[in-house]
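What follows is the residue order along each chain.
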Amino acid sequence: MEPENQWAAFTVERARTAGVVVVRLTGPGRGNMMGLDFWEELPQLFRELDADESVRAVVLTGAGNHFSVGLDVQEVLGPWMAKLGGESGATAARRSVLLRLIAQLQSGVTAVAQCRKPVIAAVSGWCIGGGVDLISAADVRLASADARFSVREARLAIVADVGSLQRLRGIVGEGQLRELALTGKDITAERAERIGLVNDVFPDRDALLAAALGMAAEVAANSPLAVSGTKAVLNEDREERIARGLRHVALWNSAFLHSEDLMEAVAALGEQRPATFHGK
């Protein structure tokens, strides 16, 4: 791989342990928001990690105090709405553009799941919306005690469409997933560990990163052929099911994303007030 300087939304560095790479989200603002650079670079980065035979395990974390506060609504969602414009006249062509955009975002997270090298997500601070989509595509998730998680899309009048609804079913179970997705509530690291969203919780960010690097070193010490083969076998049935679910939600949102509720959610976000929804 090329040095980390080639990326706008990430840094990539080799760990001291041979074969281990640390990928950090470095999105704009204090919360590593997922803007246009992030969505463009994510699949490219993980394809390169997959192709680099010197890489045996990846630690995925956020720069600063947070993993990610999720989608950069102003930068990414704004253009989505501009593509749709008003609802007058035929909208099939514009909705087809939106369908392709959603599929493009999905492909970035899918690239993480399909990377042959195991990915260990190390989460501290906020992990919201798209952040949960991203860690659901990792092989293992670890957290620091200050981590907070939220499948928040319903609070923004959106059906989560980048993979959390499909992947979390096999991680936290049906009932837990439905509670998180339908309420949009925030949960603590302790609750996340209890329901299986994360494997372990560590007292602080330094301890978390040390544990993630230690686990990655254990993976890197094994036969890379056996490790990649094990991941491929584990992924087989799951990824086929997830692909069907991703196609469904992409079609759903391309048809129903544009709503008065969504406009209200965006306005409320900008005005820092609670949204009031009317189902229109």
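Residues numbered from 1 in each chain as written. Predicted model: local features only at pLDDT ≥ 70, side-chain atom pairs only at ≥ 80, totals over all residues. Heavy atoms only, no water.

Peer 1: Account for the pattern of salt bridges, with residues named and values stated.
Peer 2: With the rule as written, the count across this model stands at 16 salt bridges. Between R194 and E190 there is a salt bridge, with the nearest N and O atoms lying 2.7 Å from each other. Of this pair, R194 and E190 are both found in helix α9 (residues 189-195), four residues apart, which corresponds to roughly one turn of the helix. Its salt-bridge partner being R238, residue E239 comes within 2.9 Å of it at the nearest N-O pair. Salt bridges linked by common partners bring D50, E53 and R116 together as one network. (Salt bridge = Lys/Arg side-chain N within 4 Å of Asp/Glu carboxyl O. Helix = DSSP H or I, 4+ residues; strand = E, 2+ residues; numbered from the N terminus.)

Peer 1: Tell me about the nonpolar core, and name the residues and values.
Peer 2: Of all hydrophobic cores here, the largest spans 51 residues; its most connected members are F46 and F149. Considering each element in turn, this core owes the most residues, six residues, to helix α2 (residues 36-51). With residues near it in sequence (within four places) discarded, F46 still touches V58, L60, A111, V112, C115 and V119. (Core = buried A, V, L, I, M, F, W, Y, C linked by side-chain atoms within 4.5 Å. Buried < 20%, exposed > 50% of the residue type's maximum accessible area, 1.4 Å probe, protein only. Contact = heavy atoms within 4.5 Å.)

Peer 1: Explain the sheet that holds strand β2 (residues 20-25) to me, using residue names and the numbers behind them.
Peer 2: Pairing in this open sheet of six strands is mixed, and the strands run β1-β2-β3-β4-β6-β9 from one edge to the other. The open sheet has two edge strands, β1 (10-14) and β9 (200-202), and neither has a second partner. When the angles between neighbouring strand axes are averaged without regard to direction, this sheet yields 20 degrees. (Pairing = 2+ DSSP bridges. Axes fitted to C-alpha atoms, helices over the stretch in contact; angles between N-to-C directions.)

Peer 1: Before we move on, could you go through a nonpolar patch on the surface and cite the residues and values that matter?
Peer 2: A surface patch of nonpolar side chains, amounting to about 290 Å² of accessible area, comprises V159, W252 and F256. In this fold, F256 is placed in helix α11 (residues 224-256). (Patch = residues over 30% accessible without salt bridge, like charges linked within 9 Å, V, L, I, M, F, W, Y side chains within 5 Å. Areas by Shrake-Rupley, 256 points an atom, 1.4 Å probe, with all protein chains shown as cover.)

Peer 1: How would you sum up the layout of surface pockets? Please name residues and give values.
Peer 2: Its boundaries defined by the atoms lining it, the largest pocket holds a volume of some 790 Å³. In terms of lining, the largest pocket is formed by 33 residues, of which the most central are V69, L71, V73, L156 and L269. The set of elements that each furnish at least two residues to the lining of the largest pocket consists of α1 (28-32), α3 (73-84), α5 (130-136) and α12 (260-271). Here the residues of the lining of the largest pocket sort into 17 nonpolar, eight polar and eight charged. Of the volumes computed, that of the second largest pocket is approximately 500 Å³. Along the walls of the second largest pocket sit 19 residues, with V159, L165, Q166, R169 and A181 positioned nearest its centre. Listing elements by their share of the lining of the second largest pocket, those giving two or more residues are α6 (164-167), α8 (174-183) and α11. A per-class count over the lining of the second largest pocket returns eleven nonpolar, three polar and five charged. (1 Å grid on protein atoms, 1.4 Å probe; cavity = no way out; pocket = protein on both sides within 12 Å on 5 of 7 lines; lining within 4 Å. Points joined across faces, edges and corners; volume = space filled by probe spheres on them. Nonpolar A, V, L, I, M, F, W, Y, C, P; charged D, E, K, R; others polar.)

Peer 1: Pulling in residues and values, what's your account of unusual backbone geometry?
Peer 2: Phi angles above zero are rare outside glycine, and N32 is one such case at about 50 degrees. Structurally, the position occupied by N32 is in helix α1. At Q272, a residue that is not glycine, the phi angle is positive and equals roughly 55 degrees. Here Q272 falls in the exposed class, since its relative accessible area comes to 77%.

Peer 1: Lay out the environment of L71 in plain terms, naming residues and giving numbers.
Peer 2: Topologically, L71 is positioned in the loop between β3 (57-62) and α3. Distance from L71 to E48, taken between C-alpha atoms, is 23 Å for residues 23 residues apart in sequence. Discounting chain neighbours no more than four positions away, the residues touching L71 are M34, W39, V76 and G130.

Peer 1: Let's hear about the packing of α2 against helix α4 (residues 92-114): which residues, and what values?
Peer 2: Running from N to C, α2 and α4 cross one another at 25 degrees; their axes reach a closest spacing of 8 Å. Put simply, α2 runs roughly parallel to α4. Note that α2 runs across α4; the crossing there is left-handed. Listed contacts from α4 to W39, L42, P43, F46 and D50 of α2 are L105, S107, G108, V109, A111, V112 and Q114. Within the contact of α2 with α4, the residues separate by chemical class into eight nonpolar, three polar and one charged. (Parallel < 35°, antiparallel > 145°, perpendicular 65-115°, else oblique. Left-handed = near helix turned anticlockwise from the far one by under 90°.)

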